[in-house]
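Tertiary structure, described
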Amino acid sequence: MENLKEIHIGDLLYKRVKEENIEINRICKFLKATEKEILEMYTAKTLDTDILLRWCKLLEYDFFRLYSSHLILYAPVARVNNKNDKKQMPQFRKSLYTKEIINYIVELIDTEKKTTLEIINEYRIPKTTLSKWIIKYKK
């Protein structure tokens, strides 16, 4: 699993292009960009969301999920606010744990890099959820 604490999107794009063996001409045509611009994107730590969305379509990979996973693992705990009636953005009731996140967490326990209590406190994963993962995914 890639290091989700430090996401370098250009590196990840380059790796995926190599995995899929996609020609630079096809990339340039799809993204409506020059070869020089594509090479600059490979060195960029971040990209505009519209450009990243086009990369996702071309490479058939959800790069945004990497950022969602980062939020699940590293974002601070949200403050409880009773003024929900004024919020206009969608509110999500649950965190979505990908298979990669679950494997990463279980691996931390297996390798004894973190205890279950440390994981519960640091990543705010409910104890019952973590227990189910350990039973189901432990190697």
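Presented here is an overview of the structure given in this document. (Residues numbered from 1 in each chain as written. Predicted model: local features only at pLDDT ≥ 70, side-chain atom pairs only at ≥ 80, totals over all residues. Heavy atoms only, no water.)

Evaluation of the coordinates by the stated rule reveals seven salt bridges. One salt bridge connects R16 with E20, and the closest N-O pair in it is separated by 3.5 Å. Within this pair, R16 and its partner E20 are both found in helix α1 (residues 9-20), separated by four residues, close to a single helical turn. R16 sits in the buried class, given a relative accessible area of 16%. Since its relative accessible area comes to 38%, E20 is described here as partly exposed. Among the salt bridges present, the one from K114 reaches E122, with a minimum N-O distance of 2.7 Å. According to the relative accessible area criterion, E122 is partly exposed, its value standing at 38%. Ionic contacts of the salt-bridge type, sharing partners, join the residues R16, E19 and E20 into one network. (Salt bridge = Lys/Arg side-chain N within 4 Å of Asp/Glu carboxyl O. Helix = DSSP H or I, 4+ residues; strand = E, 2+ residues; numbered from the N terminus. Buried < 20%, exposed > 50% of the residue type's maximum accessible area, 1.4 Å probe, protein only.)

So, about the side chain of S69. Position of S69 relative to the elements: it lies in helix α5 (residues 64-74). With residues near it in sequence (within four places) discarded, S69 still touches L4, T98 and I101. (Contact = heavy atoms within 4.5 Å.)

This structure, assessed with the given rule, holds four aromatic pairs. Among the aromatic residues, ring-to-ring pairing joins Y14, Y42 and W55 into one connected group. (Phe/Tyr/Trp six-rings, centres within 6.5 Å; stacked < 30°, edge-to-face > 60°.)

Next up on the list: helix α2 (residues 24-31). Along α2, the residues that are buried comprise I27, C28 and L31. Seen from one end, α2 has its buried residues packed into an arc of 100°, which puts them on one side. Those residues of α2 that are exposed and angled more than 90 degrees off the buried face are N25 and K29. On the buried face of α2, the contacting elements are α1, α3 (35-43) and α4 (49-59). Of the residues one or two after α2, K32 is the one with positive phi, at around 55°. (Arc of directions from axis to C-beta.)

This part covers the environment of I24. With respect to the helices, strands and loops of the structure, I24 is situated in helix α2. A residue is classified by how much of its surface remains accessible, and I24, at 23% relative accessible area, is partly exposed. Counting along the chain gives 10 residues from I24 to T34, while the straight-line C-alpha distance between them is 9.4 Å. When residues no more than four places from it in sequence are discounted, the contact partners of I24 are E35 and I38.

Packing of helix α6 (residues 99-110) against helix α8 (residues 127-137) brings their axes to within 10 Å, and their N-to-C directions diverge by 85°. One element, α6, and the other, α8, form an angle in the roughly perpendicular class. Taking contact as the criterion, the partners of K99, I102, N103, I105, V106 and I109 in α6 are, on α8, L130, W133, I134 and Y137. A per-class count over the contact of α6 with α8 returns eight nonpolar, one polar and one charged. (Axes fitted to C-alpha atoms, helices over the stretch in contact; angles between N-to-C directions. Parallel < 35°, antiparallel > 145°, perpendicular 65-115°, else oblique. Nonpolar A, V, L, I, M, F, W, Y, C, P; charged D, E, K, R; others polar.)

Our next topic: the nonpolar core. Formed by 35 residues in total, the largest nonpolar core has its most connected members in I27, I38, W55, F63 and I105. Secondary-structure elements contributing two or more residues to this core are α1, α2, α3, α4, α5, α6, α7 (116-123) and α8. It is α6 that contributes the most residues to this core, six residues altogether. The residue makeup of this core includes at least three contributed by each of domain 1 (9-73) and domain 2 (99-137). (Core = buried A, V, L, I, M, F, W, Y, C linked by side-chain atoms within 4.5 Å. Domains from an automatic or database assignment.)

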